Amino acid sequence: GIRAKPHSSHSLTSASHSQLSLFPNSEKPTYKKTFIGIPFLITNYRKNMENKTDTNNFETEKNENKKSIKYRSASFLAKIAILSAFGAILLFVEFPIFPATPWLKLNLSDLPTLLASFMFGPISGTAVNAVKLGIALLIRGTSTGFVGDLSNLISGTLYAITAGLIYKIRKDKRGAVIALVVSGIVFCASMLLCNAFILLPTFGITNKDTMTTTLLLTLAFNLIKTTLTGITTFLLYKKLHTLFKKF
């Protein structure tokens with residue numbers, strides 16, 4: 001008969017090992033690659049958690065901003081009202097400095113205008129200037145047939161816009177100085193033009209020598225006024241801004 005060929009112990013051992021092995025040679029895990037990939041998994045997990053946290057923080061901040069819009073609007077209007085009233089009060093604290101031009105009376109009523117422009121922007125400064133002049137007109141009326149008041153409105157508006165725009169671009173001490181100097185020059189130039197072409201002709205001052213003298217005195221007056229206003233603004237701005245931030 002045919003005899004079965006006995007298997008060698010070596011072949012049995014090899015077969016048993018290949019059958020009992022959990023990972024055949026072609027499917028053995030590359031432990032080196034696995035361990036290298038773990039840091040990347042951890043990093044991705046951390047990034048996902050950070051993104052979720054940022055999203056939650058953004059939603060929370062967004063909700064808080066929505067809730068505080070009404071309060072902030074009321075607070076902003078209150079600050080504008082305070083500065084406008086302060087400017088109107090300063091309009092009544094005035095005195096002449098040149099005997100030859102007693103109608104030119106020095107005051108610091110543009111101080112709140114500049115403060116508003118620095119704190120809240122040029123539009124706010126313009127609003128403070130307009131409200132201030134409106135309050136003064138309601139209380140004491142006009143002595144120039146609204147011509148002088150119109151000149152003050154134009155020059156004050158240019159004053160506020162120039163100072164606010166420059167300081168908005170550069171919010172530091174140097175920017176504040178540049179804003180005050182440039183806006184002061186703009187104010188003096190605008191008042192010089194208003195006096196030359198509106199105020200003096202309205203009051204019948206047409207003599208060339210008289211007009212030249214009056215314009216020079218007016219220019220000197222406005223230079224003194226803007227210098228005092230600018231220095232006071234520079235000294236008070238930070239303190240008042242810090243105070244206004246508290247409410």
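Whatever comes next refers back to the structure up there.
K.L.:
What am I meant to see in the overall build of the protein chain here?
P.N.:
The helix and strand inventory of the protein chain stands at 7 helices and 2 strands. Its helices and strands taken in sequence order, the protein chain reads α-α-β-β-α-α-α-α-α from the N to the C terminus. When contacts within the protein chain are restricted to residue pairs at least 6 apart in sequence, those whose partners lie at least 24 apart make up 68%. Roughly 16600 Å² of accessible area belongs to the protein chain as shown, and the carbon and sulfur atoms make up 67% of that amount.

K.L.:
Just to check I follow, could you spell out the environment of L200 for this structure?
P.N.:
Inspection of the secondary structure puts L200 in helix α6 (residues 173–202). Using a relative accessible area of 7% as the deciding quantity, one classes L200 as buried. Counting along the chain gives 15 residues from L200 to L215, while the straight-line C-alpha distance between them is 9.0 Å. The contacts of L200, once residues within four sequence positions are left out, are N195, I205, M211, T214 and L215.

K.L.:
Would you explain helix α4 (residues 122–140) in this entry?
P.N.:
Between its terminal C-alpha atoms α4 stretches 27 Å, which fits the 27 Å expected from 19 residues at 1.5 Å a residue. Among the residues making up α4, those that are buried are P122, S124, G125, V128, N129, K132, L133 and A136. All buried residues of α4 project into a common sector of 170 degrees when viewed along the axis, lining one side. Opposite the packed face of α4, turned more than 90 degrees from it, sit the exposed residues I123 and L138. G141 occupies a position one or two residues after α4 and carries a positive phi of about 75 degrees.

K.L.:
Please clarify how the environment of K105 should be interpreted in this entry.
P.N.:
Positionally, K105 belongs in strand β2 (residues 105–106). Given a relative accessible area of 38%, K105 falls into the partly exposed group. When the C-alpha positions of K105 and F95 are compared, they lie 4.7 Å apart, and in sequence the two are 10 residues distant. Once you skip the residues sitting within four places of it in the chain, K105 turns out to touch E94, F95, P96 and F221.

K.L.:
Teacher, can you tell me more about the nonpolar core here?
P.N.:
Generally speaking, soluble globular proteins have nonpolar side chains that are buried together. In terms of nonpolar packing, the biggest core is built from 20 residues, with L83, F118, M119, Y167 and Y237 touching the most fellow members. Contributing elements (two or more residues each) for this core: α2 (31–91), α3 (111–120), α5 (147–169), α6 and α7 (208–244). Ranked by the residues each element gives to this core, the list is headed by α3, at 6 residues. Setting aside its immediate chain neighbours within four residues, Y167 contacts F118, D172, G175, A176, A179, Y237 and K238.

K.L.:
How should I be thinking about the packing of α3 against α5 in this particular structure?
P.N.:
Helix packing geometry: the angle between the two helix axes and the distance between the axes. For the pair α3 and α5, interaxial distance at closest approach is 8 Å and the crossing angle is 30 degrees. Considering how the two elements wind past one another, α3 and α5 form a crossing that is right-handed. In contact with T113, L114, S117 and F118 of α3, α5 contributes G156, Y159, A160, A163, G164 and Y167. Of the residues belonging to the contact of α3 with α5, the class tally is 6 nonpolar, 4 polar and no charged.

K.L.:
Quick question: what am I supposed to make of the pattern of salt bridges here?
P.N.:
Two side chains carrying opposite charge are able to pair once their charged atoms lie near each other. Counted under the stated rule, the structure contains 4 salt bridges. In this structure, R140 and E94 form a salt bridge, with 3.4 Å as the shortest nitrogen-oxygen distance. In this pair, R140 sits in helix α4 while E94 sits in the loop between α2 and β1 (95–96), placing the two residues 46 residues apart along the sequence. For R140, a relative accessible area of 43% translates into the label partly exposed. Exposure remark for E94: the relative accessible area of 27% places this residue in the partly exposed category. Here K225 and D110 are joined by a salt bridge, their closest N and O atoms 3.6 Å apart. Highlighted residues: K225 in helix α7 and D110 in the loop between β2 and α3, separated in sequence by 115 residues. The exposure class assigned to K225 is buried, which follows from its relative accessible area of 11%. What emerges from the salt-bridge pattern is a single network uniting D110, K132 and K225.

K.L.:
Looking at this structure, I do not really get the side chain of N222. What am I missing?
P.N.:
Residue placement: N222 occurs in helix α7. Overall, the relative accessible area of 4% leaves N222 in the buried class. Excluding anything up to four places from it in sequence, N222 contacts F187, C188 and M191.

K.L.:
Help me out: how do you make sense of the packing of α3 against α4 in this one?
P.N.:
Closest axis-to-axis distance for the α3/α4 pair is 6 Å, and the angle between their directions is 155 degrees. Taken together, the axes of α3 and α4 lie roughly antiparallel to each other. As for how α3 packs across α4, the hand of that crossing is right-handed. When α3 is examined against α4, the residues P112, T113, A116, S117 and F120 are found in contact with a partner set consisting of P122, S124, G125, V128, N129 and K132. Grouping the constituent residues of the contact of α3 with α4 by class yields 5 nonpolar, 5 polar and 1 charged.

Criteria and thresholds
- Residues numbered from 1 in each chain as written.
- Predicted model: local features only at pLDDT ≥ 70, side-chain atom pairs only at ≥ 80, totals over all residues.
- Heavy atoms only, no water.
- Helix = DSSP H or I, 4+ residues; strand = E, 2+ residues; numbered from the N terminus.
- Contact = heavy atoms within 4.5 Å.
- Areas by Shrake-Rupley, 256 points an atom, 1.4 Å probe, with all protein chains shown as cover.
- Buried < 20%, exposed > 50% of the residue type's maximum accessible area, 1.4 Å probe, protein only.
- Expected span 1.5 Å × (residues − 1).
- Arc of directions from axis to C-beta.
- Core = buried A, V, L, I, M, F, W, Y, C linked by side-chain atoms within 4.5 Å.
- Axes fitted to C-alpha atoms, helices over the stretch in contact; angles between N-to-C directions.
- Left-handed = near helix turned anticlockwise from the far one by under 90°.
- Nonpolar A, V, L, I, M, F, W, Y, C, P; charged D, E, K, R; others polar.
- Salt bridge = Lys/Arg side-chain N within 4 Å of Asp/Glu carboxyl O.
- Parallel < 35°, antiparallel > 145°, perpendicular 65-115°, else oblique.

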